[in-house]
Amino acid sequence: MEAITLNQLVSATGGELLGACRDSGITITGVSSDNRKIKAGDVFFAFKGVNSDGHRFVTAALNAGAAGAVISEEPEEFLPGKFYVRVPDTIQAVGDLAAFYRSLFSIPVIAVTGSVGKTTTKDMIASVLAQKFRVVKTQANFNNNIGLPRTLFTIDRSAQIAVIEMGMNHAGEISRLVHITQPDVVTITNIGEAHIGNLGSRENIFHAKCEIFEGLCRGGHAVLNGDDEYLVRLRGDQDKQERYTFDWVGEAKDCSFRAVQVDDTLQEGMAFTALTPQGRMDLIVPAPGRHMIYPVLTAAAIGARFGLSPEQIRQGVLAYVPTGMRMEAVPLPEGILLYNDAYNANPQSMMAGLRTLSGKTGSRHIAVLGDMLELGDREESLHRRVGAYAASLNIDTLVTVGKAAEFLADEAQKNGLRDVRVCRDREEAGKVIEELVQPGTVFLFKASHSMRFEELVSGTADFVRKRYSSGI
């Protein structure tokens, strides 16, 4: 973070300076909400959560070296030489400060949202742009009203471009984030059913995702999924067509960046030809699944907009490294392969994972699936939809974990999948998986994050290595 002054902090947050420390020229060189990670010169934001209150740690943060604190409650004591800025809402204030800080830099910013594949798309865009620019990008999935400011504060004078991920659970959240970020380019990956329990319908999700246009200036650029039944409706939005320029990506014939000759049979990746305004590009993608055409084409479109050559785009795609637990291939002895897609799950991403598993070469294909959360009153129907889809594919065995996943298992059996194992928890599933392991088996592990399937992946990998290294 580049240094700002206390005066700039107070002005940006609209806060009130408390206590005896009134030196408006005090320098601030970092922002933190964790008193255990304070560095000298930081400002500490005391966030209030459902189960925690940062105001309990203000004094500890200041003693650890913070220059001052942003608070919503007046402290019991004022430490000498430390500033205190009171605001109505510290989470709102950190966003306001991030918006001010972003305005200090003239670099282009790309904003990424969507129901499925946000992080993959963000990482792919950053990988391509890094062939020409010094890129700042969202780390992990810090994409909410606290995480997004954290990314913006990492921009410094050496940064040339930024790729920012935006997540949401409710209507209005993307609007807030995009006004903080002030992007030059926006992309929406798709409109799915993630968080449908909060938003009620895909139609509502569509409108919530389209809030991203509220912070895009006239003349800004949008890259959209041309195969998505909701997003293509924006082709008929005359106001948006007049205000912004568009690229459409996908397999549809009218996409400006179009995938043809797709080969998704590779064990640890896929390949396809992209038809683009710059000509044909033969692309090799170091990540599996036909769904990877969308982040790759989006990155290609954005790369082309910022002047990258086709060769630079190809090299950027090849250099892509996924954030952990997103269709991460784990090759093991005896030709056993685990696909760790355990970071999160919704119906669209789970069906994409199953489709990828089904197309891989292996002696057996085993899907280990857990509960999908935040589906509201559609929990049963959406799990059943995934179960029916699993039964239509080249899946030999389905292992389910959790209560909601029982609907998935039941529907898979009703639709003809014979080998279905229903487990109450990860421990039971681990024992079942050990019985199923044999050379050449390909596994998919996928569930919502709170199911902690990464532990199941790790346990399975350890079992396989031990079994086949010892010759048991």
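Residues numbered from 1 in each chain as written. Predicted model: local features only at pLDDT ≥ 70, side-chain atom pairs only at ≥ 80, totals over all residues. Heavy atoms only, no water.

Caption draft 1: Structural view of the overall build of the protein. What the protein contains, in helices and strands, is 16 helices and 22 strands. Relative to its length of 472 residues, the protein is compact, with a C-alpha radius of gyration of 24 Å against a globular reference of 23 Å. With respect to the principal axes defined by its C-alpha atoms, the protein has extents near 75 × 50 × 45 Å. In the protein, which comprises 472 residues, the share counted as buried stands at 55%. Once local pairs closer than 6 in sequence are excluded, the contacts in the protein between residues at least 24 apart make up 66%. When the accessible area of the protein is evaluated, it comes to approximately 19300 Å², of which 47% is carbon and sulfur surface. The distance from the centre of the 49 positive side-chain charges to the centre of the 56 negative ones in the protein is 3 Å. (Helix = DSSP H or I, 4+ residues; strand = E, 2+ residues; numbered from the N terminus. Rg over C-alpha atoms; globule rule 2.2 N^0.38 Å. Buried < 20%, exposed > 50% of the residue type's maximum accessible area, 1.4 Å probe, protein only. Contact = heavy atoms within 4.5 Å. Areas by Shrake-Rupley, 256 points an atom, 1.4 Å probe, with all protein chains shown as cover. Lys, Arg positive; Asp, Glu negative; His and termini not counted. Charge placed at Lys NZ, Arg CZ, Asp CG, Glu CD.)

Caption draft 2: View of helix H10 (residues 293–305). The terminal C-alpha atoms of H10, which comprises 13 residues, lie 18 Å apart, in line with the 18 Å expected from a rise of 1.5 Å per residue. In terms of burial, H10 is a largely internal element, 11 of the 13 residues being buried. Those residues of H10 that fall on the buried side of the exposure criterion are Ile293, Pro295, Val296, Leu297, Thr298, Ala299, Ala300, Ala301, Ile302, Gly303 and Ala304. (Expected span 1.5 Å × (residues − 1).)

Caption draft 3: Geometry of the sheet that holds strand E5 (residues 42–45). Ordered by their spatial adjacency, five strands build an open sheet running E2-E7-E6-E5-E4, and the pairing between neighbours is mixed. For this open sheet the edge positions go to strand E2 (16–18) and strand E4 (30–32), each flanked by a neighbour on one side alone. Across the sheet, the mean angle separating the axes of adjacent strands is 25° when strand polarity is ignored. For E2 and strand E7 (residues 83–86), the ladder comprises three bridges, and the chain directions are antiparallel. Residue Glu16 lies in a different strand from E7, and its bridge partner there is Arg86. With respect to the sheet, helix H1 (residues 6–13) is in contact with E2, E5, strand E6 (68–71) and E7, its orientation differing from that of E7 by roughly 10°. (Pairing = 2+ DSSP bridges. Axes fitted to C-alpha atoms, helices over the stretch in contact; angles between N-to-C directions.)

Caption draft 4: Summary view of the packing of helix H3 (residues 90–103) against helix H6 (residues 173–181). Close contact between H3 and H6 brings their axes to 7 Å; oriented N to C, the two are set at 35°. Of the residues in H6, those touching H3 at Gln92, Gly95, Asp96, Ala98, Ala99 and Arg102 are Arg176, His179, Ile180 and Thr181.

Caption draft 5: Looking closely at the sheet that holds strand E8 (residues 109–113). Read from one edge to the other, the open sheet built from nine strands follows the order E9-E10-E8-E11-E12-E13-E14-E15-E16, with strand pairing classed as mixed. Strand pairing shows two members of the sheet lacking a second neighbour, strand E9 (135–137) and strand E16 (279–285), which therefore form its edges. Here the average twist between neighbouring strands, direction ignored, is 20°. The pairing of E9 with strand E10 (residues 161–165) spans three bridges and is classified as parallel.

Caption draft 6: Quick peek at the packing of aromatic side chains. Applying the stated rule across the entire model yields 10 aromatic pairs. Both rings, one in Phe443 and one in Phe445, keep their centres 5.9 Å apart while their planes meet at 25°; by these two values the pair is stacked. Judged by relative accessible area, Phe445 falls into the buried class, the value being 0%. Put simply, the rings of Phe213, Tyr244, Phe246 and Trp248 touch in pairs and so form one group of aromatic residues. (Phe/Tyr/Trp six-rings, centres within 6.5 Å; stacked < 30°, edge-to-face > 60°.)

Caption draft 7: Main features of the nonpolar core. Of all hydrophobic cores here, the largest spans 87 residues; its most connected members are Leu9, Phe83 and Phe213. Looking at this core, the element that brings in the most residues is H3, giving six residues. Counting 37 residues, the second largest nonpolar core, distinct from the first, contains Val223, Ala300, Val317 and Tyr320. (Core = buried A, V, L, I, M, F, W, Y, C linked by side-chain atoms within 4.5 Å.)

Caption draft 8: Structural view of the pairing of E10. Most of E10 sits out of view: five of its five residues are buried. Side-chain alternation along E10 places Ile161, Val163 and Glu165 on one buried face and Ala162 and Ile164 on a second face that is also buried. With four bridges connecting them, E8 and E10 associate as parallel partners. Bridge assignment links Ala111 to a residue of E10, and that residue is Ile164. In this region the chain leaves E9, passes through helix H5 (residues 147–152) and returns to the parallel neighbour E10; the handedness of that crossover is right-handed. (Right-handed = clockwise from strand over helix to strand, strands pointing away.)

Caption draft 9: Broad picture of the environment of Gln348. With respect to the helices and strands, the residue Gln348 is situated in helix H12 (residues 347–358). A C-alpha to C-alpha distance of 10.0 Å links Gln348 and Gly117, two positions 231 residues apart in sequence. Each residue touching Gln348, except ones within four places of it in the same chain, is listed here: Val116, Gly192, Glu193 and Arg385.

Caption draft 10: How the structure looks around unusual backbone geometry. Look at Gln182: it is not a glycine, yet its phi comes out positive at around 55°. Secondary-structure assignment places Gln182 in the loop between H6 and strand E11 (185–188). One non-glycine residue, Glu334, lies in positive phi territory at about 65°. Relative to the elements of secondary structure, Glu334 occurs in the loop between strand E17 (328–331) and strand E18 (337–340). By relative accessible area, Glu334 is classed as partly exposed at 46%.

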